[in-house]
Amino acid sequence: SITGAEALLRWDHPEKGPISPSQFVPLAEEIGLISDIGEWSLELIGGQLNRIRDEKDRPLNISINISQSQFNVRLVEYLKELKEKNLIPIENLTLELTENILLQSNDTNMHLINSLKSMGVSLSIDDFGTGFSSLSYLTRLPLDQLKVDRSFVLNLNDEKSSGNIISAIIAMTSSLDLELVCEGVENKHQCEFLGSKGAKLIQGYLFSEPVSGERLLQMLKPGFYLDQLAQLKLNKRLS
């Protein structure tokens, strides 16, 4: 079943057509608009989460990427405002942070992290394994989730080392009582390998490409993926 979704920014320009986030996000950061876009996105996510709760009567977590330039007091205050106005069920929101943010464990960042946790926001490390990974912050910070970078999953077919790394990360997160999401799952082999190693949460094109909010509501029907899952050889239950 679907236990969560990731909110992705897509810009379909009326004249230029689809514009990649890799183009407009750095530009938005450069000219100082990224926080405005982030706040607009959070309000949209809140509306979607409230609609899911009302129409489907079930919890669903939605995660959103937070860049280093967005991680500030303004973000915390805006989330507090949305929560107080009941515009977002904060307990169903996950913020995906980069390892660079977590490695800068100064007083300001620690205060922001603790403020978010006290509100009920879940915190995830995005693209784990590609930055300057430090095991120290995994035990020192109040984290909830790791997301294994998709590059390790994509290389499962060709590189034995990628499989060994993922197996080690799965074992480590289990011992630390952290939730683990494996990104970039695109084929049956990758899914079955991850399931055999104990992975329980996967994300990728094998089950869904990015979809609209309306399509997500349809996919939340009970048993939506049962036929597809029946074709996979899984030793562990996947969500």
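Residues numbered from 1 in each chain as written. Predicted model: local features only at pLDDT ≥ 70, side-chain atom pairs only at ≥ 80, totals over all residues. Heavy atoms only, no water.

Chemist: Could you clarify how one ought to interpret the overall build of the protein in this entry?
Modeler: Secondary structure summary: the protein contains 11 helices and nine strands in total. Taking 2.2 N^0.38 as the reference for a compact globule, 239 residues should give roughly 18 Å; the C-alpha atoms of the protein span a radius of gyration of 18 Å, in line with that estimate. Taking the principal axes of the C-alpha coordinates as reference, the protein spans close to 45 × 40 × 40 Å. Every one of the 239 residues in the protein was classed for burial, and the buried ones make up 42%. The long-range share in the protein, meaning contacts at least 24 apart out of those at least 6 apart in sequence, stands at 68%. (Helix = DSSP H or I, 4+ residues; strand = E, 2+ residues; numbered from the N terminus. Rg over C-alpha atoms; globule rule 2.2 N^0.38 Å. Buried < 20%, exposed > 50% of the residue type's maximum accessible area, 1.4 Å probe, protein only. Contact = heavy atoms within 4.5 Å.)

Chemist: Mind showing me how you'd approach the nonpolar core here?
Modeler: The nonpolar side chains of a soluble globular protein tend to be buried with one another. Phe71, Leu79, Leu93, Leu95, Leu116, Leu138 and Leu143 are the most contacted members of the largest nonpolar core, which totals 59 residues. Beyond its immediate sequence surroundings of up to four residues, leucine 93 is in contact with Leu42, Ile45, Ile62, Ile64, Leu79, Ile88, Val121 and Ser122. (Core = buried A, V, L, I, M, F, W, Y, C linked by side-chain atoms within 4.5 Å.)

Chemist: Any chance you could explain the packing of helix H2 (residues 34-56) against helix H3 (residues 73-84) here in plain terms?
Modeler: Between two packed helices, what matters for the description is the angle formed by their axes and the separation of those axes. Contact geometry for H2 and H3: axes closest at 11 Å, N-to-C directions at 25°. With respect to H3, the element H2 is oriented roughly parallel. Taken as a pair, H2 and H3 cross one another with a handedness that is right-handed. Taking contact as the criterion, the partners of Ser35, Asp36, Glu39, Leu42 and Glu43 in H2 are, on H3, Arg74, Leu75, Tyr78, Leu79 and Leu82. Here the residues of the contact of H2 with H3 are counted per class, giving five nonpolar, one polar and four charged. (Axes fitted to C-alpha atoms, helices over the stretch in contact; angles between N-to-C directions. Parallel < 35°, antiparallel > 145°, perpendicular 65-115°, else oblique. Left-handed = near helix turned anticlockwise from the far one by under 90°. Nonpolar A, V, L, I, M, F, W, Y, C, P; charged D, E, K, R; others polar.)

Chemist: Can you help me understand helix H9 (residues 188-196) in this one?
Modeler: Structurally, the α-helix is built with 3.6 residues per turn, so residues lying three or four positions apart point the same way. Those residues of H9 lying buried are Gln190, Cys191, Glu192, Leu194 and Gly195. Packed against the buried residues of H9 are helix H7 (150-154), helix H8 (160-175), strand S8 (179-182) and strand S9 (201-202). Just beyond H9, the residue with positive phi is glycine 198, at close to 100°.

Chemist: What is the right way to read a nonpolar patch on the surface from this model?
Modeler: Residues Leu27, Ile31 and Leu33 make up a contiguous nonpolar surface patch of roughly 280 Å² in combined accessible area. By secondary structure assignment, the location of isoleucine 31 is in the loop between helix H1 (21-30) and H2. Its relative accessible area of 53% is what places isoleucine 31 among the exposed residues. (Patch = residues over 30% accessible without salt bridge, like charges linked within 9 Å, V, L, I, M, F, W, Y side chains within 5 Å. Areas by Shrake-Rupley, 256 points an atom, 1.4 Å probe, with all protein chains shown as cover. Salt bridge = Lys/Arg side-chain N within 4 Å of Asp/Glu carboxyl O.)

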